[in-house]
Amino acid sequence: MSNMLEVADLGHTYGDYEAIGGLTFTVRAGELVCVVGPSGCGKSTLLRTISGLIAPSRGDVSLKGSHLAVVFQDYQRSLFPWLTVQGNVEFPLRSLPRAERRARAAEALEWVGLSAAAKKRPWQLSGGMQQRVAIARALAFRPALLLMDEPFASVDAQTRFELEDLLLRVRREHDTTVLVVTHDIDESVYLGDRILVLSKSPAKLVADLEVPLPAERDQVTTRTDEAFVALRSRVARLLNVGGKPAVDVEKWAAAERESLSETVSS
Amino acid sequence: MNKFFQRWTVFAGLIVVWQVFGMLAEDPFFPPPSDIVTAAWEWWVLEPENVTEHILPSISRLLSGWAIASVIGVALGLLLGRSDRAMEYAGPLLVFLRSIPPPALVPVFLLLFKGGTSMQLATIVFGVIWPVLLNTVDGARSVDVTKVDTSAVFQIPRYQWVLGVVLPAASPKIFAGLRVSLSLSLVLMVISELVGTDNGIGSQLMQAQREFDYTRMWAGIVLLGVLGYGLNTVLLAVERRALAWQPRSRDEQHA
Ligand SMILES: Nc1ncnc2c1ncn2[C@@H]1O[C@H](COP(=O)(O)OP(=O)(O)OP(=O)(O)O)[C@@H](O)[C@H]1O
Ligand SMILES: [Mg+2]
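Residues numbered from 1 in each chain as written. Chains lettered and ligands numbered in written order. Predicted model: local features only at pLDDT ≥ 70, side-chain atom pairs only at ≥ 80, totals over all residues. Heavy atoms only, no water.

Engineer: Whenever I open this one, the overall build of chain A confuses me. Can you help?
Structural biologist: Along chain A, the regular secondary structure elements total 10 helices and 9 strands. Taken over 266 residues, chain A has a buried fraction of 53%. Long-range contacts, defined as pairs at least 24 residues apart, comprise 70% of the intrachain contacts of chain A with a sequence gap of at least 6. (Helix = DSSP H or I, 4+ residues; strand = E, 2+ residues; numbered from the N terminus. Buried < 20%, exposed > 50% of the residue type's maximum accessible area, 1.4 Å probe, protein only. Contact = heavy atoms within 4.5 Å.)

Dropping the structure here:
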């Protein structure tokens, strides 16, 4: 498989504060890679350098294909209140002829199950629906790489599960290459084909892990899968380097499993 | 219906009080409203050429002056608002120009344009451009960073950035500026007609006052009030339509 994104010795310094301390990794075409790291370790900075919003202090980012899309954590602010949902999805497609724009927006809205809300304003929708609009907009753009910065951090648990499954489905159906930043270990294991674990600031790569789970995933069975639990513990331990030993992780995992089955069955 | 009454009772009450006192006092400076209405009727309805010669030219001056100022103000404001460099250079100049009371420039424009419509337009434009310009600068600056980032990531063309993002984001502020400018336009329209011209509502006011025809003078003043109220109402209606997209919840109101 070819590499969609190559990051080589990427470093970024704000003033004299080193946020990223030299990262090297690749993302292959069609892959979904999760980046996990402690809060404030420079994950957003990494995404901003990859997306070209800031120029890195050192190192290289090379993207195959000309354009990428970003789903920002602050989805509410990234949608334009003066445009309808459909207008928002068409926003990046202005260079296309009108009919094609329409068609692409309608298609993307269907993927995320929002066809009925096309004429509404984004602020008339719930948080989860707004995030789906942002995802539809990114997908309609047909990006070579889709970047997501903690995309589901500010929605409730139920919506979060739905959105995670939505992401897995659309990226499988459309063969999208995705890089997701998250601070949620479970989410990274559930979503990812691969997980990049970052250290505390200045962020360095601690581990690059393959996720040994089948492509088809399910909120209940996958999360109770042996491999899932084992990998989750491993990532948790990696994130705790230098901190407390990860004795509680197994216990916490069991508790999680229980609360999860409650959420799903209710 | 209730609201309508609430709004207008004080107004109607004042007119009644004025009518009673006007009739009792018989002071030529303060004629009762009924006399004023009669004067207005005689002046404008029985002599319709007064409308075409004075009222319509005044309104057209006011509106064209305001429109010119608005177009220049919005265009310049968007430019200055999105460029720190430009604002650094132009900022002090703007503050200085804005501090000049526009009526003080009437003699200058009088010399420059030898009176007439262009001098009146210049006075109005110079006087009313500031609220539009400064509000637009303010609005254009306040485009929220996530929207700026979103636009950058999608590499939208420049015209879409200006017309599709900055302009709508700034539009609530722009409309606030337009409203202030519109009422200022009325003021400056009158001031610019007080000298160097013999047509327009302002000049008619002066003439009535010189001829001691105070009822007519009052009729002119009332006409100006009605005009200001009407224009503001129309602009408010336009604004309500143009800004209908604004969320009605408290959060994200000015995003
Ligand atoms: N514009 C900036 N100027 C100076 N320092 C910054 C700037 N942006 C971020 N930082 C600092 O760089 C570090 C990394 O920030 P970043 O937002 O990339 O972290 P993060 O991993 O995304 O954090 P979180 O998990 O809270 O989203 C933080 O310590 C932050 O204070
Ligand atoms: Mg972040």
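Following the structure, the description resumes.
Engineer: Sorry, what's going on with the sheet that holds strand E1 (residues 3-14) of chain A here?
Structural biologist: Sheet strands pair via backbone hydrogen bonds, and the direction of the pair is either parallel or antiparallel. All names here are of chain A. Ordered in space as E2-E1-E4, the 3 strands form an open sheet in which the pairing is antiparallel. The outermost strands of the open sheet, each flanked by one partner alone, are strand E2 (17-28) and strand E4 (58-63). Averaged over all neighbouring strand pairs, the angle between strand axes comes to 15°, with direction disregarded. Here 5 bridges tie E1 to E4, and the two strands are oriented antiparallel to one another. The residue bridging Gly-11 from the neighbouring strand is Arg-58, located in E4. (Pairing = 2+ DSSP bridges. Axes fitted to C-alpha atoms, helices over the stretch in contact; angles between N-to-C directions.)

Engineer: Teacher, can you tell me more about the UniProt feature "transmembrane region" (unreviewed entry) in chain B here?
Structural biologist: Per the UniProt record, the feature "transmembrane region" (unreviewed entry) sits at residues 63-81, 93-113, 119-137, 176-197 and 217-238 of chain B. Between the C-alpha atoms that bound residues 93-113 of chain B the distance is 24 Å, and the span itself is 71% helix and 0% strand. (UniProt positions renumbered as here; feature names shortened; annotations may be inferred.)

Engineer: Got a minute to help me understand the sheet that holds strand E5 (residues 68-71) of chain A in this structure?
Structural biologist: Residue and element names in this part refer to chain A. Strand order across the open sheet formed by 6 strands is E5-E6-E7-E3-E8-E9, with mixed pairing between neighbours. The open sheet has two edge strands, E5 and strand E9 (205-210), and neither has a second partner. When strand polarity is set aside, the average angle formed by the axes of neighbouring strands in this sheet is 15°. Two elements, strand E3 (residues 32-36) and strand E8 (residues 194-198), share 4 bridges in a ladder whose sense is parallel. The residue of E8 that forms the bridge with Val-35 is Leu-196. Those strands touched by helix H5 (residues 127-140) are E5 and strand E6 (145-149), and its axis lies near 175° from that of E5.

Engineer: I would appreciate a short explanation of the site of ligand 1 in the present structure.
Structural biologist: Residue and element names in this part refer to chain A. Near ligand 1 the following residues occur: Tyr-14, Tyr-17, Ala-19, Ser-39, Gly-40, Cys-41, Gly-42, Lys-43, Ser-44, Thr-45 and Glu-150. At a separation of 2.8 Å, an oxygen atom of ligand 1 approaches a polar backbone atom of Lys-43. Between an oxygen atom of ligand 1 and a side-chain N or O atom of Glu-150, the distance comes to 3.5 Å. Isolated, ligand 1 exposes 630 Å² of accessible area, and the fraction of that covered by the protein chains is 58%. Mapped by element, the contributors of at least two residues to the shell around ligand 1 are E2 and helix H1 (43-50). (Near = heavy atom within 4 Å. Polar contact = N/O pair within 3.5 Å; in protein donor to acceptor, adjacent residues only side chain to side chain. Areas by Shrake-Rupley, 256 points an atom, 1.4 Å probe, with all protein chains shown as cover.)

Engineer: Would you mind showing me how to read the interface of chain B and chain A here?
Structural biologist: Put simply, an interface is often sized by how much accessible area is lost when its parts join up. Each side of the interface is counted separately: chain B has 25 residues, and chain A has 24 residues. Linking chain B to chain A there are 2 salt bridges. With a shortest N-O distance of 2.8 Å, Asp-149 of chain B and Arg-48 of chain A are connected by a salt bridge. Remark: the boundary between chain B and chain A carries 6 residue pairs in polar contact (both at pLDDT 80 or more). Counting residues per element, the ones that place at least two in the side of chain B that touches chain A are helix H7 (145-153) and helix H8 (158-194) of chain B. Sorting elements by how many residues they give to the side of chain B that touches chain A places H7 of chain B first, with 7 residues. (Salt bridge = Lys/Arg side-chain N within 4 Å of Asp/Glu carboxyl O.)

Engineer: I would appreciate a short explanation of the packing of helix H5 (residues 106-113) of chain B against helix H6 (residues 116-141) of chain B in the present structure.
Structural biologist: The description of two packed helices rests on the angle between their axes and on the distance between the axes. Residue and element names in this part refer to chain B. Interhelical geometry of H5 versus H6 gives an angle of 140° and a closest axis separation of 9 Å. As summarised for this structure, H5 and H6 are arranged oblique, according to the angle between their axes. For the crossing formed where H5 meets H6, the hand is right-handed. Contact with H5, carried on its side by Val-106, Phe-109, Leu-110 and Phe-113, involves Ser-118, Met-119, Ala-122, Thr-123 and Phe-126 of H6 and no other residues of that element. Tallied by class, the residues present in the contact of H5 with H6 amount to 7 nonpolar, 2 polar and no charged. (Parallel < 35°, antiparallel > 145°, perpendicular 65-115°, else oblique. Left-handed = near helix turned anticlockwise from the far one by under 90°. Nonpolar A, V, L, I, M, F, W, Y, C, P; charged D, E, K, R; others polar.)

Engineer: Please clarify how the layout of surface pockets should be interpreted in this entry.
Structural biologist: Using a probe with the size of a water molecule, rolled over the atoms, empty space left in the structure can be pinpointed. Residues and elements named next belong to chain B. Within this model, the largest pocket holds a volume of roughly 410 Å³. Elements that contribute at least two residues to the lining of the largest pocket include exactly helix H1 (2-25), helix H2 (33-45) and helix H10 (214-242). Take the lining of the largest pocket: its biggest share by element is 5 residues, from H1. Per-class residue counts for the lining of the largest pocket are 11 nonpolar, 1 polar and no charged. (1 Å grid on protein atoms, 1.4 Å probe; cavity = no way out; pocket = protein on both sides within 12 Å on 5 of 7 lines; lining within 4 Å. Points joined across faces, edges and corners; volume = space filled by probe spheres on them.)

Engineer: So what exactly am I meant to see when it comes to a negative patch on the surface here?
Structural biologist: A surface patch of like charges, here negative, comprises Glu-42, Glu-47, Glu-49, Glu-53 and Asp-198 of chain B. With respect to the secondary-structure elements, Glu-53 of chain B resides in helix H3 (residues 49-81). (Patch = residues over 30% accessible without salt bridge, like charges linked within 9 Å, V, L, I, M, F, W, Y side chains within 5 Å. Lys, Arg positive; Asp, Glu negative; His and termini not counted. Charge placed at Lys NZ, Arg CZ, Asp CG, Glu CD.)

Engineer: What is the right way to look at the packing of aromatic side chains in this model?
Structural biologist: Each aromatic ring pair is characterised by the separation of its centres together with the angle its planes make. This structure, assessed with the given rule, holds 14 aromatic pairs over all chains. Plain terms: the ring middles of Trp-8 of chain B and Tyr-229 of chain B are 5.9 Å apart, the flat faces sit at 70° to each other, and that makes the pair edge-to-face. On the criterion of sequence distance, the pair formed by Trp-8 of chain B in helix H1 and Tyr-229 of chain B in helix H10 is long-range, its members being 221 residues apart. With relative accessibility at 29%, the residue Trp-8 of chain B sits in the partly exposed group. The positively charged end of Arg-223 of chain A is found above the aromatic ring belonging to Tyr-190 of chain A, 4.8 Å away from the centroid. (Phe/Tyr/Trp six-rings, centres within 6.5 Å; stacked < 30°, edge-to-face > 60°. Lys NZ or Arg CZ within 6 Å of the ring centre and 35° of its normal.)

Engineer: Sorry if this is basic, but what is going on with the pattern of salt bridges here?
Structural biologist: Residue and element names in this part refer to chain A. Counting across every chain of the model gives 26 salt bridges over all chains. Glu-90 is paired through a salt bridge with Arg-102; the nearest N and O atoms lie 3.1 Å apart. A residue pair is termed long-range when its members are at least 10 positions apart, and Glu-90 in helix H3 (residues 85-90) and Arg-102 in helix H4 (residues 98-111) qualify at 12 residues. Taking relative accessible area as the criterion, Glu-90 reaches 8% and is therefore assigned buried. Residue classification places Arg-102 among the partly exposed residues on the basis of a relative accessible area of 36%. Close ionic contact of Arg-223 with Glu-164 constitutes a salt bridge, the shortest N to O distance being 2.8 Å. You can see Arg-223 sitting in helix H8 (residues 221-224) and its partner Glu-164 sitting in helix H6 (residues 157-174), a full 59 residues away along the chain. Judged by its relative accessible area of 7%, Arg-223 is buried.

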